[in-house]
Amino acid sequence: MRWIYLFCCTLMIASSMNAQPIWVVSNTQDSGEGSLRDAIEKAAMNLGADTIVFDVSFTDPGYDSTTGVWSIKSASVYRVPSGTVIYGANAFKNENTPQPGVEIHGTDSSIMLGQTGLRLLDEVVLRGLVINRFQYAVWIEGSSVTVEDCYLGTDPSGSMSRANGNDGILMADGVTNANIHDCLISGNTGRGIRLFGMETRDNTISNNLIGTDATGSSSLPNGGGIQLHAGVKNNLIIGNIISGNTLAGISVFDTATDHNIFEENIIGIGRDEVTEIPNGTFGVAFFNGPANNRFGPGNRVAFNGDDGVLVDGSDGTTTTGNVITFNSISYNGDKGIENFRGGNAELSPPTIDSIVKDIVYGRAG
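All values reported here derive from a predicted model rather than from experimental measurement. (Residues numbered from 1 in each chain as written. Predicted model: local features only at pLDDT ≥ 70, side-chain atom pairs only at ≥ 80, totals over all residues. Heavy atoms only, no water.)

Undergrad: Would you explain the sheet that holds strand β20 (residues 224-229) in this entry?
TA: One open sheet accounts for 10 strands, arranged β5-β8-β11-β14-β17-β20-β23-β26-β29-β32; its pairing is parallel. Here the strands that pair on one side only, and so sit at the sheet edges, are β5 (78-80) and β32 (337-340). In this sheet, adjacent strand axes meet at a mean angle of 10° when their direction is disregarded. (Pairing = 2+ DSSP bridges. Helix = DSSP H or I, 4+ residues; strand = E, 2+ residues; numbered from the N terminus. Axes fitted to C-alpha atoms, helices over the stretch in contact; angles between N-to-C directions.)

Undergrad: Where do I start with the nonpolar core in this structure?
TA: L120, L126, L129, I140, V147, I169 and I193 are the most contacted members of the largest nonpolar core, which totals 56 residues. At four residues, the largest contribution of residues to this core is made by helix α2 (residues 36-45). (Core = buried A, V, L, I, M, F, W, Y, C linked by side-chain atoms within 4.5 Å. Buried < 20%, exposed > 50% of the residue type's maximum accessible area, 1.4 Å probe, protein only.)

Undergrad: When you look at the pattern of salt bridges in this model, what are you seeing that I'm missing?
TA: For side chains of opposite charge, pairing can occur when their charged atoms come near one another. Scanning all chains against the criterion turns up 16 salt bridges. With a shortest N-O distance of 3.3 Å, D353 and R363 are connected by a salt bridge. On the criterion of sequence distance, the pair formed by D353 in strand β33 (residues 351-356) and R363 in strand β34 (residues 359-363) is long-range, its members being 10 residues apart. Residue classification places D353 among the partly exposed positions, given a relative accessible area of 46%. When salt bridges with common partners are traced through the structure, they connect E33, D38 and K42 into a single cluster. (Salt bridge = Lys/Arg side-chain N within 4 Å of Asp/Glu carboxyl O.)

Undergrad: Explain the confidence of the model for the protein chain here, please?
TA: In low-pLDDT regions, the fine details of the predicted coordinates are not to be read closely. Across the protein chain, the average pLDDT comes to 91, with 92% of residues at or above 70. Note that residues 1-18 has pLDDT below 50 and, in this model, 15 contacts with residues that lie over four places away or in other chains. (pLDDT = per-residue confidence, 0-100. Contact = heavy atoms within 4.5 Å.)

Undergrad: Please explain the pairing of strand β4 (residues 69-73) as it appears in this structure.
TA: Successive side chains on a regular strand alternate, one facing one side of the sheet and the next facing the other. Relative to β4, strand β3 (residues 63-64) runs antiparallel, the two being bridged by two bridges. When the sheet's bridge partners are listed, Y63 is paired in β4 with W70. Alignment of β4 against strand β7 (residues 102-105), held across four bridges, turns out to be parallel. Note on β7: the bridge partner recorded for I72 is I104.

Undergrad: How do you make sense of the environment of G216 when you look at a structure like this?
TA: Following the sequence through the fold, G216 ends up in the loop between β19 (209-210) and β20. Since its relative accessible area comes to 2%, G216 is described here as buried. Dropping the residues within four chain positions of it, G216 is found in contact with L209, G270, R271 and I277.

Undergrad: Explanation requested: a nonpolar patch on the surface in the structure shown.
TA: On the surface, I352, I355 and V360 cluster together to form a nonpolar patch covering roughly 310 Å² of accessible area. For I352, the position within the fold is in strand β33. (Patch = residues over 30% accessible without salt bridge, like charges linked within 9 Å, V, L, I, M, F, W, Y side chains within 5 Å. Areas by Shrake-Rupley, 256 points an atom, 1.4 Å probe, with all protein chains shown as cover.)

Undergrad: Honestly, the packing of aromatic side chains in this entry has me stumped. Any pointers?
TA: Any two aromatic rings considered together are summarised by their centre-to-centre distance and by the angle between their planes. Enumeration over the complete set of coordinates arrives at eight aromatic pairs. Each ring, one from Y136 and one from W139, has its centre 5.3 Å from the other, and the planes form 70°; the classification is edge-to-face. Given a relative accessible area of 12%, Y136 falls into the buried group. Ring geometry for F303 versus Y331: centroids 5.7 Å apart, planes at 15°, classification stacked. Pair noted here: F303 is in the loop between β28 (300-302) and β29 (309-312) and Y331 is in the loop between β31 (328-330) and β32, with a separation of 28 residues, a long-range link. For F303, a relative accessible area of 18% puts it in the buried group. Every member of this aromatic cluster is reached through a ring pair, and the members are F58, Y63 and W70. The positively charged end of R37 is found above the aromatic ring belonging to Y78, 4.1 Å away from the centroid. (Phe/Tyr/Trp six-rings, centres within 6.5 Å; stacked < 30°, edge-to-face > 60°. Lys NZ or Arg CZ within 6 Å of the ring centre and 35° of its normal.)

Structural data, given as structure tokens:
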């Protein structure tokens, strides 16, 4: 019973030294002593930062020897208190192992009832978790949250969908300074990541796979890749592979959705930067009022089902000032860049007059 002894010792050390507590999850039950829910409840009662790690026996009923992952079936949302760090990868006894070690899952009923997997308050860190079969895998409520090395919407291997009923990650109504990186966010019915609301700003989404399997070589689609709307501002989307989604790779819409930056993303292509993994419609779409966003430098947009980049001023909105610069946009189903229905004031594309050796001569629109 080594893991229970460790759990007890940890509690004594934390209380005697007044140090940051480390709560050890020792089984895959949904409640009771040694469960994840018990650890979260203890963290909520403690004032200050807490760390939750996993030390579960290989004989635990929730362990799957074929995947090396422990699974916890959740009956209700886990509300993770401010300042809590959860290290699921510690189940492998190696904090640097990027593949998740713990799966938290719901059921078809969880989706029907609108249950969220984990709701995160300020300064929470999630690492090394598989989260699937909820309405939302992760709902970020607080600021300065980090989600890293997680699989959201897939099985533990990252090769099959175990869909969340809506989004993989929802960041809504005032989330700031969140950092979502190095995750696999695929297989979800809604979007991989959705940013929503006027005060949602200054977040970074980087180096994630969104719409592919864990290898980045084949499609494992979300309904859509990344969606920004309802006034989100100043977010940085950088270095992601956003490919294979059913609809658009990136969609940006609504008035006041402004000053977001998109750099060095691969959209419609695999990790090897060769394999065609198209998004079903547009690579990127700006519509219904977003202004002064910047797409570039360094994005590569190819093989998508419709335009590479659409800027659509539909419904009489002012979708203008969206800079598209220093990108590679090619082999899409329709135009590379289309300014449509007043989008970007329907600025004409540059014309090419001649090419001499490696110099292109032309005129701006």
